[in-house]
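# Coordinates in review
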Amino acid sequence: MRREHFTLHVSNIDWVETGENPSKPSVSIDFTGPAATLRERLTGPDNEILDAGETDVALRLQEPLGNDTTGVVSVTNRITGDFILELNEDAADVLQFIRAARGYGEGAADDEGRYEVEITLDGDSFVTYDKRTFLVYDDEGSLLRQHSLIPSGVEL
């Protein structure tokens, strides 16, 4: 699967800048490549679609954090460590999304997700995850805790 087959759209983040009431940030990742390949990666050994707890979302910076830094957003299988999907994005945009999720989480219940990820295949919804964690790594692979979304009480 090629990164060019993925398009990312975010919503419910503008309130961070405008001071409006928080709403749950959402990201939609549309895949336009071979659907069978993505379906296979999103399916566990029991032939069931992976649930939210079986996936991780992360941003890996491609250079030191600064102006115009890009990164790779990835969704991985938490059990196997295999990449499900990857796509290039502007790091500042992803960090703004994480700030919105953090702000939304301040008023959300502890067991509630901080953001939503929807994966679509050619525009049709395939799976939606309610997530609480979004990890950010620098260009050398070290976790950047201050930029990551890590719920309290979670040890990494």
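Residues numbered from 1 in each chain as written. Predicted model: local features only at pLDDT ≥ 70, side-chain atom pairs only at ≥ 80, totals over all residues. Heavy atoms only, no water.

## Structural notes on the pairing of strand β2 (residues 26-31)
Note the threshold: Type-normalised accessible area, obtained with a 1.4 Å probe on protein chains alone, sets the label of each residue: buried when under 20%, exposed when over 50%, and partly exposed for intermediate values. Strands are runs of DSSP state E lasting at least 2 residues, helices are runs of H or I lasting at least 4, and numbering of each runs from the N terminus. Pairs of strands are assigned from DSSP output, requiring at least two bridges between the strands.
Within β2, 6 of the 6 residues are buried, leaving the element largely enclosed by the surrounding structure. Residues Ser 26, Ser 28 and Asp 30 line one face of β2 and the alternating positions Val 27, Ile 29 and Phe 31 line the opposite face, and both faces are buried. Note: strand β1 (residues 6-11) against β2, 6 bridges, orientation antiparallel. Bridge pairing in β2 links Val 10 to Val 27. Relative to strand β6 (residues 115-121), β2 runs parallel, the two sharing 6 bridges. If you follow Ser 26 over to β6, its bridge partner there is Glu 116.

## A short note on the pattern of salt bridges
Working definition: two side chains of opposite charge can pair if their charged atoms are close together. How we decide: Basic side-chain nitrogens of Lys or Arg form a salt bridge, by our definition, when they fall within 4 Å of a carboxyl oxygen of Asp or Glu.
All chains considered together, the criterion is met by 6 salt bridges. With a closest N to O distance of 3.2 Å, Glu 4 and Arg 2 form a salt bridge. Like Glu 4, the residue Arg 2 is exposed in the burial classification. Close ionic contact of Arg 3 with Glu 86 constitutes a salt bridge, the shortest N to O distance being 3.2 Å. Taken together, the positions of Arg 3 in the segment before β1 and Glu 86 in strand β5 (residues 83-90) put the pair 83 residues apart, joining distant regions of the chain. Linked by salt bridges that have partners in common, Arg 3, Arg 60 and Glu 86 make up one network.

By themselves, these observations are geometric and do not establish any function.
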